[in-house]
Amino acid sequence: MSETQNQIPVTVLTGYLGAGKTTLLNRILSESHGKRYAVIVNEFGEIGIDNDLIVESDEEIYEMNNGCVCCTVRGDLIRTVEGLMRRPGRFDAILVETTGLADPAPVAQTFFMDEDVRSKTRLDAVVALVDAKHLPLRLKDSKEAEDQIAFADAVVLNKSDLVSPEELREVEATIRAINPGARIHRTTRAGVDLREVLDRGAFDLKRAIDNDPHFLDADEHDHDHVCGPDCDHDHHHHDHHGHNHDHHDHGAVSPIHDITVRSVSLRGGEMDPKRFFPWIEKISQMEGPNILRLKGIIAFKEDPERYVLQGVHMIMEGDHQRAWREGEKRESRLVFIGRELDEERLRKTFEACQA
Amino acid sequence: MPTVAPLDLDGHCVATAFIGEVPYFALADGSVHRLDHGHKTSQANDGLLCAFYDAGSDRLLTGGEDGKVFSIGAGGETAVVAEAGRKWITSVAAGPQGALAYAAGRSAWVVLPGGKVKEFQHPRTAEGLAFAPKGLRLGVARYNGATLHFPATESKPVELEWAGAHTGIIFSPDGNFVVTTMQENALHGWKLADGKHMRMTGYPAKVKSLSWSVKGKWLASSGAPAAIVWPFQSKDGPMGKAPLELGTRGNSMVTCVACHPTEEIVAIGYNDGMVLAARLADAKEVLLRRPGKGAITAMTWDRSDRRLAFGSEAGDCGVIDISA
């Protein structure tokens, strides 16, 4: 039996209270986009739609008994997903809404660490809703707001009409500083094109990197592109010409306070697998608690295929993605998003893995 | 030669039971099928999540996505016996004197003999429920252990602590031991007299099915390429003793176990739908059913000890007659 064919995609929606999660959820449940969603919420609350597939679930964090502090999963999700998957014909995808204060890591890790969940579902993307007006305040008083952005594959920058253009640019720069890889969508009333947040394949090693023009572009500010609500360009290419977005002013990131998460972007030549794998394993074990997300494309010497990898804390996954194209520069790139990362040491030890 | 009477249904079989002499199959969509002079159907929950056969009242209790507890009795008659609002009911259990319990979220409710309902709230989710065989004592599996309530009295609950997430719970037939299934690939047990711990580890997968052999001398479990059967004959349970491994298959996992009611024989269901019977004394095996469409999820012996009802996650269910 093929597991991958029947795996149901799961989108995780994070964001502070008042950021617009309920508005977005209501849109996903009511608009016609050809997909039926089962939605796991913490409280039925304001969702005005009566739907058998809205499931209320108490957030239940399980620490695993393996001595690893960051190996946490959501027990309620394991149970709910198991129940839903016994009648899989009812829906095409699952959406998990987290509470405002939730740490997104246990949610994401559930889809990698629990064998039952993993065999039936796959994590599609983590989407963070951010309130443009209140984000600076949120970042001051909570670590969670920062974690949610750091973890996101897409950030919906909502209520962008409530701030001035300068404030909006600053908020965007802050989001970029925390997570250079996430795509940012400016919206009002959570009016993001649903195709930009659903069915993204952000955790799919084969898909994610080709779909995402920003992936690994942390150190290339000229690629720092923010999608507005009416942005209709083709995200599958690095074609950023002819757009009127004001994305050329990111060269100098203004001093941003209240941020403890940063990204480290590494770049090197062809790697020796005998050195690289022990190195990345050691890094993930020693720095795991500090690493929120990790993504990379590695060129191994004498390997005709690109090797892609991603990680959440100590969980790391890698696979061959596709053959290197003719004329494609065979280089290795790796981005860490996390806290207290020693960039200098990471860079030196990474470079030492080169063939 | 065992003969198989197949019943091909459409959906995940959550539970099997014999009510009277009739085999019942409860599916995840809430349809309850029975083979009673032909295939007949009745409807319980809209979304059936859990089930428990109440031997005292000869009925099947089911809980579901609709927040209701149904009872299914002879003739397929269904009735709502409890409701808990919009939350999923994820565990049900029946106890002595007609008591029943159900859980949703962090609450567990007990319907006492006489009909009074008592709610017990917990700091974490009430994951699994079981009544002790005697007295009125409810065990609740929870994060970091289990809680034992005494619903008929006002006495304080007994807390059994062990780090980790406990997802299911069962009492031994003599009431001396409590065993939980865990989120990690292990069972945990407590000897109730002194609270002594019993760690039962080494499984390659989560344990989802437990069954006591006749008189509770052995506890059979799923979660490995063999049925793992722990010895409980001595007063300290299986501590320091190796379990039996029965029906070992290199390429398949055991997903369901059901001990025979009068003989030391265990029916073993696998993830490919195969069913074997194995004798505890000499590990001798008999094939009861060839592999089918999906993993075996439920098995029940009848009271005359010759028929085994089975169900799978793919809906290919049936009754095996071993007397022929």
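Model, not experiment: these values are computed from the prediction. (Residues numbered from 1 in each chain as written. Chains lettered and ligands numbered in written order. Predicted model: local features only at pLDDT ≥ 70, side-chain atom pairs only at ≥ 80, totals over all residues.)

A. Looking closely at the overall build of chain B. Within chain B, the regular secondary structure consists of 0 helices and 30 strands. For 324 residues, the compact-globule estimate of 2.2 N^0.38 gives 20 Å, and chain B sits close to it at 19 Å. Along the first, second and third principal axes, the C-alpha atoms of chain B reach 55 × 45 × 30 Å. Taking the intrachain contacts of chain B between residues at least 6 apart in sequence as the baseline, contacts between residues at least 24 apart amount to 42%. (Helix = DSSP H or I, 4+ residues; strand = E, 2+ residues; numbered from the N terminus. Rg over C-alpha atoms; globule rule 2.2 N^0.38 Å. Contact = placed C-beta atoms within 7 Å.)

B. Up close: the pairing of strand 2 (residues 37-41) of chain A. Residue and element names in this part refer to chain A. The buried fraction of strand 2 is high, at 4 of 5 residues. By the bridge criterion, 4 bridges tie strand 2 to strand 6 (residues 93-97) in an arrangement that is parallel. Within strand 6, the position partnered with Ile40 by the bridge is Val96. Bridge analysis of strand 2 against strand 3 (residues 54-56) gives 3 bridges, and the strand direction is parallel. Opposite Val39, over in strand 3, you have Ile54 as the bridge partner. (Buried ≥ 20, exposed ≤ 12 C-beta atoms within 10 Å, placed from the backbone. Pairing = 2+ DSSP bridges.)

C. Structural view of the domain arrangement of chain A. Residues and elements named next belong to chain A. Considered domain by domain, chain A is made up of domain 1 (3-227) and domain 2 (261-351). Contacts between the two partners involve 25 residues from domain 1 and, on the opposite side, 21 residues from domain 2. Within the residue set of the side of domain 1 that touches domain 2, elements represented by two or more residues are helix 4 (104-113) and helix 7 (143-151). Residues that form the side of domain 1 that touches domain 2 fall into these classes: 18 nonpolar, 3 polar and 4 charged. (Domains from an automatic or database assignment. Nonpolar A, V, L, I, M, F, W, Y, C, P; charged D, E, K, R; others polar.)

D. Quick look at the confidence of the model for chain B. Within chain B, residue pLDDT values average 96, and 100% of them lie at 70 or more. Interface predicted TM-score (ipTM) for the complex: 0.92; the corresponding pTM is 0.87. (pLDDT = per-residue confidence, 0-100.)

E. Quick look at the UniProt feature "domain: CobW C-terminal" (unreviewed entry) in chain A. UniProt's feature table lists "domain: CobW C-terminal" (unreviewed entry) at residues 261-354 of chain A, given in the numbering used throughout. Structurally, residues 261-354 of chain A is divided into 26% helix and 44% strand, and its ends, taken at the C-alpha atoms, are 27 Å apart. (UniProt positions renumbered as here; feature names shortened; annotations may be inferred.)

F. Examining helix 7 of chain A more closely. Across the 9 residues of helix 7 of chain A, 7 count as buried, placing the element largely inside the fold. Considered for burial, the residues of helix 7 of chain A that qualify are Ala145, Glu146, Asp147, Gln148, Ile149, Ala150 and Phe151 of chain A.

G. Spatial organisation of the interface of chain A and chain B. Taken residue by residue, the interface counts 16 residues in chain A and 22 residues in chain B. Elements with a minimum of two residues in the side of chain A that touches chain B: strand 3, helix 3 (75-85) and helix 5 (115-120) of chain A. Here the side of chain A that touches chain B gets 4 residues from one element, more than from any other, and that element is helix 3 of chain A. Residue classes in the side of chain A that touches chain B are distributed as 4 nonpolar, 3 polar and 9 charged.

H. Representation of the sheet that holds strand 27 (residues 285-289) of chain B. Residue and element names in this part refer to chain B. Here we have 4 strands laid out as an open sheet, ordered 24-25-26-27, and antiparallel in their pairing. Lying at the two open borders of the sheet, with one neighbouring strand each, are strand 24 (254-259) and strand 27. Ignoring which end each strand starts from, the neighbouring axes of this sheet average 25° apart. Note that strand 24 and strand 25 (residues 265-270) share 5 bridges and pair antiparallel. Across the sheet, Cys256 pairs through a bridge with Gly269, a residue of strand 25. (Axes fitted to C-alpha atoms, helices over the stretch in contact; angles between N-to-C directions.)

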